[in-house]
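# Structural characterization, general
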Amino acid sequence: MREMFPLVAKDALVRRNGRVLVGPIDLQLEGKGTTIVIGPNGAGKTTLLKMLHGIMRMNGGSLDWGCAREEAQRRQAFVFQSPVMMRRSVVDNIAYPLQLAGTARKDARAQAADWAARISLGDALDRPATRLSGGERQKLALARALIRKPDVLFLDEPCASLDGRATREIEDILKQAAAEGTRLIMSTHNMGQAQRLADEVLFVLHGRIHEFSPAAAFFAGPQTSQAQAFLNGDIVE
Amino acid sequence: MSDLLEGMVQAFWLLVTLDSDLVEITLRSLQVTLTALIIASVIALPMAALLSVRRFRMRRATIAVLNALMGLPPVVVGLIVYVFLSRSGPFGVFGLLFTPTAMIIAQVIIIVPLIASIAHQSLRELWSDYHDLLISMNATQVQRIQALLWDGRRALLTAALAGFGRAIGEVGAIMVVGGNIDHATRVLTTAIALETGKGDFAMALGLGFVLIALAIAVNLAIHWLGHTEREGRW
Ligand SMILES: Nc1ncnc2c1ncn2[C@@H]1O[C@H](COP(=O)(O)OP(=O)(O)OP(=O)(O)O)[C@@H](O)[C@H]1O
Ligand SMILES: [Mg+2]
């Protein structure tokens, strides 16, 4: 297996309806650690993550993984800001990515049941996923993304509607995944969580990468006044 | 008025005594229509899924044609099938005209656009839900279609039932290509037309009741399916 990293974006740009949503962006991500993406609402975090994941068509520039594009695609997963529940049971939802990859249904469902237990949905296996609460959906989406053991996992505000306890559960799962070598790239509005998980911080503003630095340095004192204002909870100009 | 009343009483008797003509005609109707429904579904449902997941150049045009075909007068479909199957037509050698097979062909042509169009409407919605997820997971084109067909199966069943309702009650095309031959191609609708013309209200009404019962059953099923879908059970 070839190394996936570095991931290099050059002049990467996403434009929709004549408006630039993200870019142009120059970025190089290395294979170690957890990257936390922060920035105000509408800054372009979701767009940036989707672009890096390859599901948002670029209108300019280039994006290159360390390995072939198809292989990179196969080895990553994405947890969406608003989780998509397939119209099937909880266990079938979690098992689905394995089945896509050719795992037999029985085996896939057994692994999915294990994952459901880890996210405390163990007694909801046969319930329709569309009936889950917002927080339960987010947990399901995380299990579904991790079940194929991706090397890279993008997460778009995975704890947005979770209570404190569930947030800690998720963070523990993420820390364990990171310890096992999964590269996490995650956006969040929870600065406490950002500090707990981040090795490096990407501060996004108006569709551009405004600051990209090691977590310790960033939280000790950002280089730009906008990032400082954002951390203080002030309005960012 | 008394004619009608008497006819209804007799029709009722035909029903409860399971009159052999009535049963034969009903069974033939079901056989023709269910066969047509299965064939039409096998064509229309994957087509609807393909139209939902694939962006090809002629997609919009295809959908427009489909919707236009839905409004095609059945008699005209019958006429066209007649021309193709008649002895001098391109498929004349098969001798299919005035057989149940000819009726099945006509019904398939009539309900494929209907089923495909209704199915496409709901699958398109489902696909806009699933789009990002399935692309993110690298599902192949075939896997995407499979997911839509499986997770959308309730809506698809509703589409199929609508097709059944249309086919079982259709008379124009069936009459033209089937010929309403006794013990061969006579079905509920054509028999009703004939018996009414002859003034045999008892038989016509008896057949009519069967048809109405089938229509009500189908509509109840559609209603119930729509209900469970909204409830999120499946
Ligand atoms: N498909 C699209 N077409 C047009 N505009 C879009 C599209 N997707 C996003 N946008 C716009 O791009 C901008 C950035 O959106 P994005 O979702 O990336 O922000 P975000 O940083 O994730 O915000 P939030 O913190 O609220 O999730 C927004 O103004 C949004 O309206
Ligand atoms: Mg977002």
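Residues numbered from 1 in each chain as written. Chains lettered and ligands numbered in written order. Predicted model: local features only at pLDDT ≥ 70, side-chain atom pairs only at ≥ 80, totals over all residues. Heavy atoms only, no water.

## Details of the overall build of chain A
Each helix and strand counted, chain A has nine helices and nine strands in total. A compact globule built from 237 residues would reach a C-alpha radius of gyration of about 18 Å, and chain A, at 18 Å, matches this within 12%. Along the longest, intermediate and shortest principal axes, the C-alpha atoms of chain A span 50 × 40 × 35 Å. Here chain A holds 237 residues, and 54% of them are scored as buried. Expressed as a percentage of contacts within chain A between residues at least 6 apart in sequence, the contacts between residues at least 24 apart total 65%. Element-wise, carbon and sulfur atoms account for 46% of the exposed surface of chain A, whose accessible area totals about 10,700 Å². Taken as two groups, the 31 positive and 26 negative side-chain charges of chain A have centres that lie 7 Å from each other. (Helix = DSSP H or I, 4+ residues; strand = E, 2+ residues; numbered from the N terminus. Rg over C-alpha atoms; globule rule 2.2 N^0.38 Å. Buried < 20%, exposed > 50% of the residue type's maximum accessible area, 1.4 Å probe, protein only. Contact = heavy atoms within 4.5 Å. Areas by Shrake-Rupley, 256 points an atom, 1.4 Å probe, with all protein chains shown as cover. Lys, Arg positive; Asp, Glu negative; His and termini not counted. Charge placed at Lys NZ, Arg CZ, Asp CG, Glu CD.)

## Topic: the interface of chain B and chain A
Of the residues lining the interface, 20 residues belong to chain B; the matching set on chain A comes to 23 residues. Carbon and sulfur atoms supply 54% of the area that chain B and chain A bury against each other, a total of about 1,900 Å² over both sides. The interface formed by chain B and chain A contains seven residue pairs in polar contact (both at pLDDT 80 or more). Top contributing element to the side of chain B that touches chain A by residue count: helix H5 (residues 100-136) of chain B, with eight residues. Here the residues of the side of chain B that touches chain A sort into 10 nonpolar, four polar and six charged. (Buried area = accessible area lost by both parts, 1.4 Å probe. Polar contact = N/O pair within 3.5 Å; in protein donor to acceptor, adjacent residues only side chain to side chain. Nonpolar A, V, L, I, M, F, W, Y, C, P; charged D, E, K, R; others polar.)

## Structural notes on the sheet that holds strand E8 (residues 200-205) of chain A
Residues and elements named next belong to chain A. The mixed open sheet is built from six strands, whose spatial order is E5-E6-E7-E3-E8-E9. One side of each edge strand has no neighbouring strand; the edge strands of this open sheet are strand E5 (76-79) and strand E9 (208-214). Looking at each pair of strands side by side, their axes are set apart by 15° on average, direction ignored. Across four bridges, strand E3 (residues 34-38) lies against E8 in parallel orientation. Its bridge partner lying in E8, Ile36 is registered against Val201. Helix H5 (residues 134-146) contacts E5 and strand E6 (152-156) of the sheet and is inclined by roughly 175° relative to E5. (Pairing = 2+ DSSP bridges. Axes fitted to C-alpha atoms, helices over the stretch in contact; angles between N-to-C directions.)

## A short note on helix H3 (residues 59-70) of chain B
All names here are of chain B. Here H3 is 12 residues long and its end C-alpha atoms lie 17 Å apart, about the 16 Å a rise of 1.5 Å per residue gives. Every buried residue of H3 is listed here: Arg59, Ile63 and Leu66. The buried side chains of H3 occupy one side of the element, clustering within an arc of 60° when seen end-on. Away from the buried face of H3 by more than 90 degrees, exposed residues Arg60 and Ala68 are located. (Expected span 1.5 Å × (residues − 1). Arc of directions from axis to C-beta.)

## Focus on the sheet that holds strand E1 (residues 7-16) of chain A
Residues and elements named next belong to chain A. Strand order across the open sheet formed by three strands is E2-E1-E4, with antiparallel pairing between neighbours. For this open sheet the edge positions go to strand E2 (19-29) and strand E4 (60-64), each flanked by a neighbour on one side alone. Averaged over all pairs of adjacent strands, the angle between strand axes in this sheet comes to 20°, irrespective of strand direction. Bridge analysis of E1 against E4 gives four bridges, and the strand direction is antiparallel. Residue pairing in the sheet places Ala9 in a bridge with Leu63 of E4. Sheet contacts for helix H1 (residues 45-53): E1, E2 and E4; angle to E2, the most-contacted strand, approximately 60°.

## Regarding the packing of helix H2 (residues 20-53) of chain B against helix H7 (residues 153-168) of chain B
Residue and element names in this part refer to chain B. Following both chains from N to C, one finds H2 and H7 inclined at 140°, their axes separated by 9 Å at the closest point. Between H2 and H7, the angle is such that the two are oblique. By crossing handedness, the relation of H2 to H7 is classed as right-handed. Of the residues in H7, those in contact with Ser29, Leu30, Thr33, Leu34, Leu37, Ser41 and Leu45 of H2 are Leu156, Ala160, Gly163, Phe164, Ala167 and Ile168. (Parallel < 35°, antiparallel > 145°, perpendicular 65-115°, else oblique. Left-handed = near helix turned anticlockwise from the far one by under 90°.)

## Focus: the packing of aromatic side chains
Residues and elements named next belong to chain A. Summed over the entire model, instances satisfying the criterion amount to nine aromatic pairs over all chains. When the centroid spacing of 5.4 Å and the interplanar angle of 50° are considered together, the rings of Phe203 and Phe230 count as tilted. Taken together, the residues span a long stretch of sequence, with Phe203 in strand E8 and Phe230 in helix H9 (residues 225-232) at a distance of 27 residues. For Phe203, a relative accessible area of 0% corresponds to the buried category. (Phe/Tyr/Trp six-rings, centres within 6.5 Å; stacked < 30°, edge-to-face > 60°.)

## Quick word on a nonpolar patch on the surface
Residue and element names in this part refer to chain B. On the surface, Val76, Leu79, Ile80, Tyr82, Val83, Phe84, Phe91, Val93, Phe94, Phe98 and Ile181 cluster together to form a nonpolar patch covering roughly 1,000 Å² of accessible area. Along the chain, the position of Val76 falls in helix H4 (residues 74-85). The partly exposed category is assigned to Val76, whose relative accessible area is 35%. (Patch = residues over 30% accessible without salt bridge, like charges linked within 9 Å, V, L, I, M, F, W, Y side chains within 5 Å. Salt bridge = Lys/Arg side-chain N within 4 Å of Asp/Glu carboxyl O.)

## Some remarks on the packing of H5 of chain B against H7 of chain B
Residues and elements named next belong to chain B. Packing of H5 against H7 leaves a shortest axis separation of 9 Å and a crossing angle of 155°. In this view, H5 runs roughly antiparallel relative to H7, as classed from their interaxial angle. Crossing hand, H5 versus H7: right-handed. Residue-level inspection shows Gln107, Ile110, Ile111, Leu114, Ile115, Ile118, Ala119, Ser122 and Leu123 of H5 in contact with H7, the latter providing Ala155, Leu156, Ala159, Ala160, Ala162, Gly163, Arg166 and Ala167. Among the residues making up the contact of H5 with H7, the classes are represented as 13 nonpolar, three polar and one charged.

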